[in-house]
Amino acid sequence: MSDSAVRVDTTSQVPPYEQIRSQLAALIRTGRLAEGERLPTVRQLAADLGLAPGTVARAYRELETTELIRTRRGAGTRVAALPSESHAHDASQLATLTRDFTSAARALGADTEDILTAVRDALDPGPASSTAAGGSGAGGPGR
């Protein structure tokens, strides 16, 4: 796992353990962290992020509860096999990711239209994806 794969925004209203949990879950579900890949130890990730080990331990416990990772003595913490059947998205995780993204976008000075355009562009990347490069007013939410 690359050192910059997980970031924590200490100014966010989302607790640090939840930021870690949701980012790792997304990396696992999208395949960026493959089955069997070893995660950093709790102490190592805590040191890398400048957090208390208990914060990272809580994120790891929640990931174990959802069976996205497994920890075994002597083998460390590794990405678990994803179920072969497709899974329904976790509405609370989606809401958390959305809040994190919009908070960060607003901190950059983006308005609602800029944020919606960025989401549309991410969902449908293509050569003409920046049709609203100027920002405000392009498209609207019902596009």
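For the structure itself, consult the block above.
A.B. asks: Mind laying out the side chain of Thr 77, listing which residues take part and the relevant values?
C.D. replies: Inspection of the secondary structure assignment puts Thr 77 in strand β2 (residues 76–79). Residue Thr 77 is classed as buried on the basis of its relative accessible area of 9%. Only 2.9 Å separates the side chain of Thr 77 from the side chain of Thr 71, close enough to count as a polar contact.

A.B. asks: Help me get a handle on the nonpolar core, residues and values and all.
C.D. replies: Membership of the largest hydrophobic core comes to 19 residues, with the highest contact counts inside it found for Ile 20, Leu 24, Leu 33 and Tyr 60. Going through the elements one at a time, α1 (16–29), α2 (42–49) and α3 (53–65) are the ones with two or more residues in this core. Per-element accounting of this core gives the leading share, six residues, to α1. With residues up to four places along the chain from it excluded, the contact list for Tyr 60 reads Leu 24, Leu 39, Pro 40, Thr 41, Val 42, Leu 45, Ile 69 and Thr 77.

A.B. asks: Could you give an account of a nonpolar patch on the surface, with specific residues and numbers?
C.D. replies: Residues Phe 101, Val 119 and Leu 123 make up a contiguous nonpolar surface patch of about 290 Å² in total accessible area. Positionally, Leu 123 belongs in helix α5 (residues 112–123). Classification of Leu 123 as exposed rests on a relative accessible area of 70%.

A.B. asks: Residue-level account of the packing of α1 against helix α4 (residues 91–107), with values.
C.D. replies: It is the contact of α1 with α4, at a shortest axis distance of 10 Å, that shows an interaxial angle of 110 degrees. As far as their axial angle goes, α4 and α1 are roughly perpendicular. Judged by residue contacts, Glu 18, Gln 19, Arg 21, Ser 22, Ala 25, Ala 26 and Arg 29 of α1 engage Gln 93, Thr 96, Leu 97 and Asp 100 from α4. Looking at side-chain class alone, the contact of α1 with α4 contains three nonpolar, four polar and four charged residues.

Each value, and the rule that gives it
- Residues numbered from 1 in each chain as written.
- Predicted model: local features only at pLDDT ≥ 70, side-chain atom pairs only at ≥ 80, totals over all residues.
- Heavy atoms only, no water.
- Helix = DSSP H or I, 4+ residues; strand = E, 2+ residues; numbered from the N terminus.
- Buried < 20%, exposed > 50% of the residue type's maximum accessible area, 1.4 Å probe, protein only.
- Polar contact = N/O pair within 3.5 Å; in protein donor to acceptor, adjacent residues only side chain to side chain.
- Core = buried A, V, L, I, M, F, W, Y, C linked by side-chain atoms within 4.5 Å.
- Contact = heavy atoms within 4.5 Å.
- Patch = residues over 30% accessible without salt bridge, like charges linked within 9 Å, V, L, I, M, F, W, Y side chains within 5 Å.
- Areas by Shrake-Rupley, 256 points an atom, 1.4 Å probe, with all protein chains shown as cover.
- Salt bridge = Lys/Arg side-chain N within 4 Å of Asp/Glu carboxyl O.
- Axes fitted to C-alpha atoms, helices over the stretch in contact; angles between N-to-C directions.
- Parallel < 35°, antiparallel > 145°, perpendicular 65-115°, else oblique.
- Nonpolar A, V, L, I, M, F, W, Y, C, P; charged D, E, K, R; others polar.

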